[in-house]
Amino acid sequence: MKVLSIDSTTERLSVIISNNGKVASKISRVSEQNFMKKIIGDIDSAVKKAGTDIKNIDAFGVNLGPGDFTGTRIGISVIKTMSFILDRPGYGIVSPDVFAVGIAVSNLDTLWKNISKNKKALIVTCMDVKKGEIYYTIYDIVKVGMPDSKSAAVIGINSGQYIIKRIDSFLVSSGSFAEHLPDKLGRIYSETDKIVIMGGDAVIRYRAIFSNFVRENDGCIVYKKNTFPLPESLDMCVNHCIKTGRAAGNMNPVYVREFIPFGKNRSSFNEEKDHD
Amino acid sequence: MKKRTMTDRDIYILGIETSCDDTCASVIANGTNILSNVVSSQNEIHKKYGGVVPEVASRRHIEMIDIVIMEALSIAGKHIEEIDAVSVTNRPGLIGSLLVGVGAAKSICYSKSLPLIAVNHLEAHLYSNMIENPLIEGGLLGLIVSGGHSSLYLVDREWNITEVGHTVDDAAGEAFDKIARYLGLGYPGGPVIDRLAESGSEDLIEFPRPMMESGDFNFSFSGLKTSLIYRTKKHRELMDKGSIPDLVAGFQKAVVDVLTHKTIAAARKYGMERVFVSGGVAANSRLREEFLRLGSENNIRIYIPPAGLCMDNAAMVGCLGYHRLKRGLTDDFEIDVYSRSDL
């Protein structure tokens, strides 16, 4: 099973191909030129590096965001078209899932400390979504059972298999994050032996807020590496969709806010249309 | 990209157009036989804002692009394996809209090893006249009149295009849209003004003919719009329901007079006996009527596509793609999108 996935939601354009879950080729770089110019060239390079042909790809994946509007649309436009033209399934993955898997895989020992003692271990992906706001998603790490639509991927921790399960997402102002997260963690927050690993680009953008939060809250850790969605994590999420028989085809961008142009109705006489 | 060897068999082009607010795909054979021409219009979505909102347009394009392409292939009864090339608009237009269509076109061409042809939206409008007249030769004058453009072009025998005039402010279609919004007639303005004007008298309320005698081939419609606004502010009764048809008929006649007279004058100056009229405003019934009358009077053959091909569509993109393919003009996968681009 060869899977090709693309992430174009940040300033980094990534193409990854896996074969039966093992990475066969990967191109991931901050592109000097815009993605529209480079995307097919990078796909072609990844395909050649994997020693295959685009027609031999069995399934496609794409990061749906939230992310950079333009970049995200380029990746989705290419992958959703490729999927139907080659008549192969295509899977859209939300960006927090990709972040969560990346954070989990990079912190297996920390997670194991709690999991091995049946204590709570959570991941909180924190995305900088501009306008002074943070989009955060809480994930639980649970023993493998029946994966549902909220499971991002299955990871191996020591000899056990664990599901990274999405609990809920919230859009908050950066200033209210420190009060909002404890409230949403509820009962878990008061547990003394919990571990909460926070990662994502917001932990860098709002460094001071997260440093203070960690200082004031036991069991909370900031993971400052990999502040972009890792292509290997995207590939794991896509392969997880395939393995669990999830429905393919939903490949539309994810936005954190509804777009409301100039209030409701314009009364001004300024024309915004710049082309027919 | 490798040039394609042409044979006598039919050539099928898949055209894709997403430069503004319509998601369009079409399959056209030999640049003339339209097998499908799918347009997913966003008019209803943008109506409440009184104009196209770029971010809203982009969001809709990405949702619709695969559905529209599938529909175009399905209606045409063609499988992607039977398509010879993909032609797509990559300029000028809204960046967020263009990149959806171009991303899809590149994806198809790479997946199926097909030639990719990137075309200029304005040139495609000119070629909309070639769909019904595929054998016509170069050496003519072109007018593109739409919501974004009001320009005159010389097209030489080798199909090289040179601009000889353009609007210095608003495009004609833009003026129609703005007036319709001001009068509370809805969006888009062109069709509703055309319809209302039919029941009005175009000589009752006189409007200026801007730049009619300017000595060049440029246009200006902003002052005309302002004239209507001042007029209605001074004479509020002109805004009454019963007066609106006369008001818009007079306004429409002024726009039509300027467009037709300057176009015919340009044709005469440059010795062109044929004129291609295209773009969304070319669907205006009064403009079509007046062009045909003046063309006949001046022994100039006027070509105007059917109304459906005046609006943004992918058949014209496919038609231009066919002619570029015939000339061996294809593009590589590094083509970009551009918000502005002259012919």
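Relevant structure appears above.
We now turn to the structure provided with this report.

Procedures and definitions
Residues numbered from 1 in each chain as written. Chains lettered and ligands numbered in written order. Predicted model: local features only at pLDDT ≥ 70, side-chain atom pairs only at ≥ 80, totals over all residues. Heavy atoms only, no water. Helix = DSSP H or I, 4+ residues; strand = E, 2+ residues; numbered from the N terminus. Buried < 20%, exposed > 50% of the residue type's maximum accessible area, 1.4 Å probe, protein only. Phe/Tyr/Trp six-rings, centres within 6.5 Å; stacked < 30°, edge-to-face > 60°. Lys NZ or Arg CZ within 6 Å of the ring centre and 35° of its normal. Pairing = 2+ DSSP bridges.

## Looking at unusual backbone geometry
So, point 1. With omega at 10°, the peptide bond leading from A:Gly65 into A:Pro66 counts as cis.
So, point 2. Take A:Pro66: it is sitting in the loop between β4 (59–65) and α2 (69–85).
So, point 3. Following B:Arg91, the chain continues to B:Pro92 via a peptide bond in cis, the omega torsion being -25°.
So, point 4. When you line up the elements, B:Pro92 lands in the loop between β4 (85–91) and α3 (95–112).
So, point 5. For A:Asn118, which is not a glycine, the phi torsion comes out positive at approximately 60°.
So, point 6. Structurally, the position occupied by A:Asn118 is in the loop between α4 (108–115) and β6 (121–128).
So, point 7. Judged by relative accessible area, which is 75%, A:Asn118 ranks as exposed.
So, point 8. With a phi close to 60°, A:Lys130 is a non-glycine residue in the positive phi region.
So, point 9. In this structure, A:Lys130 sits in the loop between β6 and β7 (133–143).

## Details of the packing of aromatic side chains
So, point 1. Applying the stated criterion to the full structure yields twelve aromatic pairs over all chains.
So, point 2. A ring pair is formed by A:Phe69 and A:Tyr255, whose centres lie 5.5 Å apart and whose planes are at 90°; its orientation type is edge-to-face. Separated by 186 residues along the polypeptide, A:Phe69 in helix α2 and A:Tyr255 in the segment after α9 (231–243) bring together distant segments of the chain.
So, point 3. Taking relative accessible area as the criterion, A:Phe69 reaches 36% and is therefore assigned partly exposed.
So, point 4. Taking 5.2 Å as the distance between ring centres and 40° as the angle between the ring planes, the aromatic pair formed by A:Tyr136 and A:Phe170 counts as tilted. Of this pair, A:Tyr136 sits in strand β7 while A:Phe170 sits in strand β9 (residues 160–173), placing them 34 residues apart in sequence. Of the two residues, A:Tyr136 and A:Phe170, neither departs from the other in class, the shared state being buried.
So, point 5. When the ring centre of A:Phe228 is taken as origin, the NZ or CZ atom of A:Arg12, which lies over that ring, is 4.1 Å away.
So, point 6. Looking at B:Arg59, its charged tip hangs above the ring of A:Tyr255, at a distance of 3.5 Å from the centre.

## Things to note about the pairing of strand β8 (residues 161–166) of chain B
Residues and elements named next belong to chain B.
So, point 1. Relative to β8, strand β7 (residues 150–155) is paired through five bridges, and the arrangement is antiparallel. Looking across to β8, one finds that Leu152 is bridged to Gly165.
So, point 2. Adjacent in sequence and paired antiparallel, β7 and β8 are bridged by five residues, among which Trp159 carries a positive phi angle near 65°.

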